[in-house]
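Structural overview for review
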Amino acid sequence: MGLKQRLVPYWLLGPGLLWLIVFFLVPMYFMGELALRSGTLTSGFTFDWAWANFPDSLSGHSEQIVRSFFYAGTATVLALLISYPLAYAIAFRAGRFKLVLLFAVIAPFFTTYLIRTIAWKTILSDSSPVVSVLQALALVPPDGRVLATSGAVIAGLTYNFLPFMILPLYANLERLDLRLVEAAKDLYSSSRQAFIKVTLPLTMPGIVAGVLLTFIPAFGDYINALVLGGTQQAMIGNVIQSLYLTQRDYPEAAALSFLMMALILVIVLIYIRFAGTSAFMGEEEDVA
């Protein structure tokens, strides 16, 4: 094999690497440099290795961080509970309607994220039929409301990020060899045992990918808390937004952004440590 042929894979990686450098590494460098500045907007920000910005950015924001974990985690669990049976039905029971149902899953992406969230504000408004039904079922007090509550924010997160859970699960289920399930049943496994011992382990990479794709953006989201929640429902994304756009404290905002990215990275690394890289990369594991 000639030198040119051996270099072909590296040349193919070139456009992707260039994209990452220009749109990820370069912005990260400038944000990191900004996080180490001090000063004010009026007097100007001076680069002086202000490491104190990092602990200062966490001061007084523990409640928003915990709330972000709770909201994102709850939305991720709900998305998984909704997505798994739906993805299973599309993969194995949809028949000729499979493409139609897949289109229905991705159809919300044809509308902007903000418009979809505002639509939920209308759905959950005090005078909406949905709230009236919830009140009739005694799930909401007669004089209660859904909008501007934690439930509204979680509902918005679940809805907006649901496709990110469904699509990896469907892709994984689509590759599932049903002969393995049939073999388990031939060996006197019930349908429930076959699902737990065969189907679930083989689809774990799809679950992991869906959980990560759902939890990570949900954790940093601020639109749902801003539109569907009230002042008491702010997440850490709302804090960063306020620091950038309202308080104009750019160094502290950049420092807090870095800390949140580092926190998410730690979570991913812990998963890789205990689950292994095969599941993280979406590779199927052998069934014992």
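Residues numbered from 1 in each chain as written. Predicted model: local features only at pLDDT ≥ 70, side-chain atom pairs only at ≥ 80, totals over all residues. Heavy atoms only, no water.

1. So, the overall build of the protein chain
Rules: Secondary structure counts use DSSP, requiring at least four H or I residues in a row for a helix and at least two E residues in a row for a strand, with both numbered from the N terminus. Think of it in three bands: with a 1.4 Å probe and only protein chains considered, a residue is buried below 20% of the maximum accessible area for its type, exposed above 50%, and partly exposed in between. Note on areas: Shrake-Rupley with a 1.4 Å probe; residue coverage comes only from the protein chains shown.
Within the protein chain one finds 14 helices and two strands. The principal-axis extent of the C-alpha atoms belonging to the protein chain is close to 75 × 75 × 35 Å. For the protein chain, the proportion of its 288 residues judged to be buried stands at 34%. When the accessible surface of the protein chain is split by element, carbon and sulfur atoms take 70% of a total near 17,200 Å².

2. As for the pairing of strand β2 (residues 44–47)
The condition is simple: Paired strands are those between which DSSP finds at least two bridges.
Note that strand β1 (residues 37–40) and β2 share four bridges and pair antiparallel. Directly across from Ser 38, in β2, lies its bridge partner Thr 46. Between β1 and β2, which pair antiparallel one after the other, the connecting turn spans three residues.

3. Looking at the pattern of salt bridges
The test is simple: Definition used for salt bridges: Asp or Glu carboxyl oxygen within 4 Å of a side-chain nitrogen of Lys or Arg.
According to the stated counting rule, one finds five salt bridges in the structure shown. Where Asp 177 meets Arg 179, a salt bridge forms, and the shortest distance between an N and an O atom there is 3.0 Å. Of the residues examined, Asp 177 reaches a relative accessible area of 28% and is grouped as partly exposed.

4. Observations concerning the layout of surface pockets
Here is the rule we go by: Lining residues are those with an atom within 4 Å of a point, where the points come from a 1 Å grid over the protein atoms alone and group into cavities, where a 1.4 Å probe fits but cannot get out, or pockets, open sets with protein on both sides within 12 Å along at least five of seven lines. Grid points are joined across faces, edges and corners, and a volume is the space filled by probe spheres set on the points. Each residue receives one of three labels: charged for Asp, Glu, Lys and Arg, nonpolar for Ala, Val, Leu, Ile, Met, Phe, Trp, Tyr, Cys and Pro, and polar for the others, Gly being one of them.
Taken as a whole, the largest pocket spans an internal volume of roughly 190 Å³. Taken together, Tyr 88, Phe 92, Arg 93, Leu 178, Val 181, Glu 182, Lys 185, Ser 191, Ala 194, Phe 195 and Thr 199 form the lining of the largest pocket. Of all elements in the fold, only α3 (62–92), α8 (178–186) and α9 (191–202) reach the threshold of two or more residues within the lining of the largest pocket. Looking at the lining of the largest pocket residue by residue, the classes come out as six nonpolar, two polar and three charged.

5. Quick look at α3
We apply this condition: Here the expected length of a helix is defined as 1.5 Å per residue gap, with one fewer gap than residues. Bend is the name given here to the angle between axes fitted to two runs of seven residues, the run ending at a residue and the run starting at it.
Compared with the 45 Å implied by 1.5 Å per residue over 31 residues, the 44 Å span of α3 between its first and last C-alpha is a close match. Along α3, the largest kink reaches about 25° and is centred on Ser 83; proline Pro 85 follows within four residues of it.

6. Comments concerning unusual backbone geometry
Positive phi outside glycine occurs at Ala 138, with the angle close to 65°. Mapped onto the secondary structure, Ala 138 falls in the loop between α6 (129–136) and α7 (150–174). In this structure Ala 138 comes out as exposed when scored by relative accessible area, which is 64%. Phi at Ala 148 is positive, roughly 65°, even though this residue is not glycine. Examined against the element boundaries, Ala 148 turns out to sit in the loop between α6 and α7. Judged by its relative accessible area of 30%, Ala 148 is partly exposed.

7. Describing the confidence of the model for the protein chain
Definition in use: Each residue gets a pLDDT score, which is the predictor's confidence in that residue and runs from 0 to 100.
Predicted confidence across the protein chain gives a mean pLDDT of 88, with 93% of residues reaching 70 or more. No element of the protein chain has a lower mean pLDDT than helix α14 (residues 277–280), which averages 53, and none a higher one than α3, which averages 95.

8. Points about the packing of α9 against helix α10 (residues 204–220)
Condition: Note on geometry: axes are C-alpha line fits, over the in-contact stretch for helices, and angles between N-to-C directions span 0 to 180 degrees. Between 65 and 115 degrees an angle is taken as roughly perpendicular, under 35 as roughly parallel, over 145 as roughly antiparallel, and anywhere else as oblique. Contacts were defined at the residue level, with two residues in contact if any of their heavy atoms lie within 4.5 Å.
Contact geometry of α9 with α10 gives a least axis separation of 4 Å together with a crossing angle of 50°. Between α9 and α10, the crossing angle belongs to the class labelled oblique. On α10, the residues touching Leu 200, Pro 201 and Leu 202 of α9 are Met 204, Pro 205 and Ile 207. Its residues placed into classes, the contact of α9 with α10 shows six nonpolar, no polar and no charged.

9. Overview of the packing of helix α5 (residues 113–123) against α7
Threshold: The sense of a crossing depends on the near helix, which, turned anticlockwise from the far helix by less than a right angle, makes the crossing left-handed and, turned clockwise, makes it right-handed.
Close contact between α5 and α7 brings their axes to 10 Å; oriented N to C, the two are set at 140°. Between α5 and α7, the angle is such that the two are oblique. Handedness of the α5/α7 crossing: right-handed. Together, Tyr 113, Arg 116, Thr 117 and Trp 120 of α5 and Ala 155, Tyr 159, Asn 160 and Phe 161 of α7 make up the contact between the two elements. When its residues are assigned to classes, the contact of α5 with α7 shows five nonpolar, two polar and one charged.

10. Considering the packing of aromatic side chains
Selection criterion: Here a pair means two rings of Phe, Tyr or Trp (six-membered ring of Trp) with centres within 6.5 Å. Their orientation is stacked below 30 degrees between planes, edge-to-face above 60, and tilted elsewhere.
Counted according to the given criterion, the structure contains 18 aromatic pairs. When the ring of Tyr 88 is compared with that of Phe 92, the centres are 4.8 Å apart and the planes differ by 70°; the resulting orientation is edge-to-face. With a gap of four residues between them, Tyr 88 and Phe 92 both fall in helix α3, about one helical turn apart. Every member of this aromatic cluster is reached through a ring pair, and the members are Phe 47, Trp 49, Trp 51 and Phe 54.

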